[in-house]
Amino acid sequence: MNSAMNSAVSTINAGMAPVATPWFFYVLAGLAVASGVAVITRRNAVHAALALIVTLLSVAGLYLMLYAPFVAGVQIIVYAGGIMVLFLFVIMLVNIERSSKERRFNRMWPVGLAAACALMALFVSAIAKGNKLFPDRGMTLLESSNTQQIAAMLYGESSRMGQYTFAFEIASLLLLVAILGAVIMTKKKI
Amino acid sequence: MLNAFMSYLGSTVTPGEAGNQFWALIYVLIIFTGVSLAVVCMNWLERKALAHFQIRLGPMRVGPHGLLQPIADALKLMLKEDIIPTEADQFVFWVAPLIGLLAAFTVYTVIPFGPSQAVSDMNIGILFMLGVSSLGVLGIVVAGWASNSHYPLIGALRSSAQMVSYEVAMGLVVVSAILMTSLNASGTGTLSMIGIVQAQQQQGVWFIFKFFPLGFIAFAIFAIAMVAETNRAPFDMAEAESELTAGFHTEYSGLRWSLFMLAEYAAMIAVSSIAVTLWLGGWMRPFPNLLHAPACEFIFSLFPGLTFGGLAAIAVLGTARMPAHSFFKIQRIGLAAFAALLGFIALLLLVIAVAGRSADTSVAARFREGIDYVYWFVLKVAVFMYLFIWYRATWPRYRFDQLMKIGWKVMLPISLGVLVLTAIVGVIFP
């Protein structure tokens, strides 16, 4: 897979050859998996949250390697910078001494295991059939106009509606409803 | 070797774009050294300026006019005992200052000191800067929690709430500035830091003056939000020495404490650079379109040399005004040597300005241009750094509920309004 990625990259960016691409991929992927494991095994909630930040950042690095800098930037701002700060904010108000002594796994673990296995099977089958599902010849790696391309997809260009405009608007409406819901639930009287 | 060096000096692209890791490393080292040096200068300047605001002298003993005080401070901090409280979370306590420091210094990869004087030009430059600088708050929050003590925890909670609220207004005004970059023939904007300055160059106006007063209001909101973002007075709720002793770094001492200070000042320089890039024309000198005759170019290129000449003159004046008593002999010699150093730099810059005065593509001309770019950028950032000190000396600290009220009920609506109005005006008068 890596050699395919490398050849694709080198044909498109002859003047700007990426550095040690497989090396970066394995470091980032290893970091993401290791810190992901730490998230669920750490007893201390703050340690788990910090490990989750490392996971999110290494996934952002993987996005960068996939020539999707916009997604990487948004991942850092929204998840690592915004949501995780709020997570930590809430965790700090919780009594950690008590929560770290409680049993972590409840009786629902067989269900969780089954769901995890199903997801794993899905991933394995996706990788096995990968060559048909994700042909690499259709890749367009235009890093320099990534943001503009996303904008064209979401909002359309020159009086033509974008491919995902409708879905995007629906998603933003849903988020707006969620914001209003949060405000209404916290305010007793409006 | 020499040829390779000269070709780098005359380079027209950033090392990131050229894909040259070695040259990028050199740039990183230069910027790291420069920022650390700027923090040292800032430390001295802040103590002196604050003292003068309050009709005091400030540091006077270590070196002439306390010029060696930052070095003495640094030595003291390195030799101080490094205490980790027994009840603290050892690992997190250890890693917290590093998070803040890493976030503050990573931002400098995309700061454009000139059209090719940056480590790299990212397509998502401004997004990257906002994202990474917002990671700095994690260092503060985690430090407050790891100390396992009440005051630091309150400081950390305040800091996280404050950051999250002011980031919203900050992001919205940044979007309004990015909207302005799309007002060109192709109608496509850019997020790249270099691209934003080039857009201002093309449109012939700094974005602070664009669609007056919209650009100015956006800039003002950013200038307020960035003070809150860096936890500086009057928004230094996280430290609030009169309420929380020292806030999130109460339990820190020695080198670790100084890392927090380094991160704070580096972050201040970084956010000022964002403001300069987005609204104040980045590396451009004043009136590049109006006064573009060769004579004007030459006069403006003398500015860096003249600035250092002025500083040297002040130092000479200080030497002359030193009391004649023999106690001050060493201080007088030291200040004279400092004046000589400044004068030498001034002379060097003037020689470069004269040697590179032709507007051709020779290495000397390119080098002179580079110095001009960096000079104007640094000068604009320096104004902001002085403003930070001025705010601190002038305004009392806000109360926390006032801070939240201003963030959510004043700045957020105004920045939303500015964003919408900028879009409307941009469509009507493109």
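As the structure is a prediction and not an experimental result, all values here were calculated from the model.

### Re the overall build of chain B
Helix and strand counts for chain B come out as 16 helices and zero strands. Taking 2.2 N^0.38 as the reference for a compact globule, 430 residues should give roughly 22 Å; the C-alpha atoms of chain B span a radius of gyration of 23 Å, in line with that estimate. Each principal axis of the C-alpha atoms in chain B carries an extent, and together these give about 65 × 65 × 45 Å. A total of 430 residues make up chain B; the buried ones form 44% of that total. Contacts spanning at least 24 positions in sequence make up 76% of the contacts within chain B whose residues lie at least 6 apart.

### Remarks on the overall build of chain A
Helix and strand content of chain A: nine helices and zero strands. In chain A, the succession of helices and strands from N to C terminus is α-α-α-α-α-α-α-α-α. Counting over 190 residues, chain A shows a buried share of 15%.

### Describing the confidence of the model for chain B
Residue and element names in this part refer to chain B. Taken residue by residue, chain B gives an average pLDDT of 84. The fraction at 70 or more is 95%. Summarising per-element confidence for chain B, the mean pLDDT is lowest in helix α1 (residues 2-9) (65) and highest in helix α9 (residues 214-229) (90). Two summary scores accompany this predicted model of the complex, namely pTM at 0.84 and ipTM at 0.79.

### Observations regarding the interface of chain B and chain A
The parts lose accessible area when they come together, and the size of an interface is often stated as this lost area. With 27 residues of chain B at the contact, the number on the chain A side is 24 residues. When residues of the side of chain B that touches chain A are traced back to their parent elements, those giving at least two are α6 (125-146) and α7 (150-181) of chain B. A per-element tally of the side of chain B that touches chain A places α6 of chain B first, with 12 residues. By residue class, the composition of the side of chain B that touches chain A is 20 nonpolar, seven polar and no charged.

### Notes on the environment of F53 of chain B
All names here are of chain B. Checked against the element boundaries, F53 lands in helix α3 (residues 21-53). For F53, a count of 14 C-beta atoms within 10 Å gives the class partly exposed. Here the alpha-carbon distance between F53 and W390, two residues 337 residues apart in the chain, equals 8.4 Å.

### Examining the nonpolar core
Core analysis: the biggest nonpolar cluster contains 136 residues, and V173, A225, A266 and A270 of chain B have the highest contact counts within it. Among all residues touching V173 of chain B, those that are not within four sequence positions of it are A218, I221, F222, S415 and V418 of chain B.

### Looking at unusual backbone geometry
All names here are of chain B. Cis geometry is adopted by the peptide bond preceding P213, which originates at F212 and carries an omega value of 5°. Within the secondary structure, P213 is located in the loop between α8 (193-203) and α9. Phi angles above zero are rare outside glycine, and I55 is one such case at about 55°. Mapped onto the secondary structure, I55 falls in the loop between α3 and α4 (69-79). Even without being a glycine, H65 presents a positive backbone phi close to 55°. In this fold, H65 is placed in the loop between α3 and α4. By the C-beta count within 10 Å, which is 21 here, H65 ends up buried.

Calculation rules
Residues numbered from 1 in each chain as written. Chains lettered and ligands numbered in written order. Predicted model: local features only at pLDDT ≥ 70, side-chain atom pairs only at ≥ 80, totals over all residues. Helix = DSSP H or I, 4+ residues; strand = E, 2+ residues; numbered from the N terminus. Rg over C-alpha atoms; globule rule 2.2 N^0.38 Å. Buried ≥ 20, exposed ≤ 12 C-beta atoms within 10 Å, placed from the backbone. Contact = placed C-beta atoms within 7 Å. pLDDT = per-residue confidence, 0-100. Nonpolar A, V, L, I, M, F, W, Y, C, P; charged D, E, K, R; others polar. Core = buried A, V, L, I, M, F, W, Y, C linked by C-beta atoms within 7 Å.

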